[in-house]
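Summary of the model geometry
Okay, here's what each chain looks like letter by letter:
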Amino acid sequence: MLPKKNKKYFLDTLPTHLYTRKMSFPLRIPSSLPLFSARINKIKMPQTSFSSKTQNPTTRNKNPGNENVNAGSKTELQVFVRKKKVEKNVEVTAKEDITEEHVQQKLCRPLDIEDFAYGKSCGYSWSTLPPDNWERVLEGIRKMRSSEDAPVDSMGCEKAGTSLPPKERRFAVLASSLLSSQTKDHVTHGAIQRLLQQDLLTPDAVDKAEEATIKSLIYPVGFYTRKAGNLKKIAKICLLKYGGDIPSTLEELLLLPGIGPKMAHLVMNVAWDNVQGICVDTHVHRICNRLGWVSRPGTKQKTSSPEETRESLQLWLPKEEWVPINPLLVGFGQTVCSPLRPRCGICIISEFCPSAFKEG
DNA sequence: ATCCAGGCGG
DNA sequence: CCGCCGGGAT
């Protein structure tokens with residue numbers, strides 16, 4: 001259903017941690033979406049006050065219930081909240097009927113409203129403030145990555161079984177993701193090739209094969225004993241619960257043995273072409289923290305786990321970057337921003353990096 | 001000898 | 001939160 005003129009679309013609750021303490025939020029209506037206006041409707045809770053900081057201080061509006069925000073403008077709202085429950089907070093009004101044509105012309109992306117509601121992204125969001133200069137930083141990393149040759153460029157598990165029919169391809173991607181953790185890409189690739197030659201890349205075949213056979217074929221990937229067992233279990237689960245296909249939701253993928261958050265997001269991205277979240281590994285985790293791009297909710301402390309990094313990063317990074325950010329930062333982490341002794345001397349974005357020349 | 005790095009169990 | 005899993009690379 002496309003939005004209708006003057007109909008109000010309410011945006012539901014903010015993520016809890018955003019309103020449990022004093023924080024400021026950016027409300028961004030990108031100029032590519034001129035067909036909506038947003039206004040602060042109401043926040044149902046005691047002990048709440050509002051103030052807004054716009055580019056021009058004279059536009060300060062003392063009435064929190066009627067804060068109009070122009071499309072294309074960037075207005076920062078400060079929300080002081082003491083209680084946790086927020087029922088309705090923001091509404092978006094369509095300025096005219098939105099048609100298929102608007103969508104085609106990218107004048108409007110109705111789904112963005114939903115993203116907005118959950119504080120996700122797409123430029124149409126409640127979120128933490130994007131870090132200063134993030135676009136320049138990203139551009140600089142791209143530039144460095146285009147000249148340097150990182151291991152991640154040569155082979156990635158996302159290329160697994162590109163020639164296979166969809167269902168087989170998905171299983172190949174899942175198997176490849178499973179094997180690739182803690183393992184160099186060319187080793188993973190070799191193991192997948194051997195499985196492919198033996199026709200052992202379908203749930204059916206894997207289920208029938210001996211675990212020892214699989215184990216010897218995938219050697220020397222990291223933890224091959226456990227992975228051989230997990231692969232068989234996964235094959236069985238695919239057969240019993242998913243008709244020989246792989247699970248199509250994040251939650252179900254996470255239930256598979258040996259599949260954690262990192263791989264589950266990777267599989268959703270690659271096998272299903274369905275971006276549910278950012279694939280965060282230790283490189284992304286480390287670099288985002290060095291750049292000051294993520295922090296523990298409501299603080300300036302570093303995030304303590306890749307999962308926390310993922311949630312923090314998703315709050316501001318535009319969704320178009322969710323997939324490319326991983327190979328970009330992994331390669332950058334392998335060649336320049338290494339875990340120990342990062343090569344800040346050759347890094348062209350060190351001027352923007354709060355951690356530059358601070359370690360090792 | 002030490003590091004790498006995702007998932008999992010304690 | 002910590003240590004282990006089991007190889008390869010350096």
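Residues numbered from 1 in each chain as written. Chains lettered and ligands numbered in written order. Predicted model: local features only at pLDDT ≥ 70, side-chain atom pairs only at ≥ 80, totals over all residues. Heavy atoms only, no water.

**Quick word on the protein's contact with DNA strand B**
Among the 15 residues in the neighbourhood of DNA strand B, the closest are listed as Q182, G258, G260, T282 and H283. Within the backbone of G258, a nitrogen or oxygen atom sits 2.3 Å from a phosphate oxygen of DNA strand B. Listing elements by their share of the surface near DNA strand B, those giving two or more residues are α11 (261–271) and α12 (282–290). Each residue belonging to the surface near DNA strand B can be placed in one class, and the counts come to seven nonpolar, six polar and two charged. (Near = heavy atom within 4 Å. Polar contact = N/O pair within 3.5 Å; in protein donor to acceptor, adjacent residues only side chain to side chain. Helix = DSSP H or I, 4+ residues; strand = E, 2+ residues; numbered from the N terminus. Nonpolar A, V, L, I, M, F, W, Y, C, P; charged D, E, K, R; others polar.)

**Focus: the confidence of the model for chain A**
Summing up the model confidence of chain A, the mean pLDDT is 74 and the portion of residues at 70 or higher is 63%. With pLDDT under 50 throughout, residues 40–89 is counted as low confidence; its partners more than four residues away or in other chains account for 123 contacts. Note on residues 109–127: pLDDT is under 50 here. Beyond four places in sequence and across chains, it has 68 contacts. (pLDDT = per-residue confidence, 0-100. Contact = heavy atoms within 4.5 Å.)

**A short note on the environment of C337**
Inspection of the secondary structure assignment puts C337 in the segment after α14 (325–335). Sequence separation of C337 and R290 is 47 residues, and the distance between their C-alpha atoms is 9.2 Å.

**Observations regarding the protein's contact with DNA strand C**
In the vicinity of DNA strand C, the residues found are Q182, Y219, P220, G222, F223 and Y224. Of all atoms in DNA strand C that approach within 4 Å of the protein, 35% are sugar or phosphate atoms. At a separation of 3.3 Å, a base nitrogen of DNA strand C approaches a polar backbone atom of Q182. One of the side-chain nitrogen or oxygen atoms of Y224 is found 2.7 Å away from a phosphate oxygen of DNA strand C. Partitioning the surface near DNA strand C into residue classes produces four nonpolar, two polar and no charged.

**Some thoughts on the side chain of N326**
Mapped onto the fold, N326 is located in helix α14. A relative accessible area of 11% means that N326 is categorised as buried. A distance of 3.5 Å separates a polar atom in the side chain of N326 from a polar atom in the side chain of D281. If we ignore the near neighbours within four places in the chain, the residues touching N326 are C279, D281 and V284. (Buried < 20%, exposed > 50% of the residue type's maximum accessible area, 1.4 Å probe, protein only.)

**Overview of the packing of aromatic side chains**
Under the criterion given, the structure shown has three aromatic pairs. Ring centres 5.4 Å apart and planes at 65 degrees place the aromatic pair W134 and W316 in the edge-to-face group. With W134 in helix α3 (residues 134–147) and W316 in the loop between α13 (306–314) and α14, this residue pair connects regions lying 182 residues apart in the sequence. For the residue pair W134 and W316, the accessibility class agrees, reading buried in each case. Measuring from ring centre to ring centre gives 5.0 Å for Y219 and Y224, while their planes differ by 80 degrees; the resulting arrangement is edge-to-face. Relative accessible area serves as the criterion here: at 47%, Y219 is assigned to the partly exposed category. Owing to a relative accessible area of 28%, Y224 belongs among the partly exposed residues under this scheme. Ring-pair connections join several aromatic residues into one group, and the members of that group are W134, W293 and W316. Over the ring of W322 we find K319; its NZ or CZ atom is 5.3 Å from the centre of that ring. (Phe/Tyr/Trp six-rings, centres within 6.5 Å; stacked < 30°, edge-to-face > 60°. Lys NZ or Arg CZ within 6 Å of the ring centre and 35° of its normal.)

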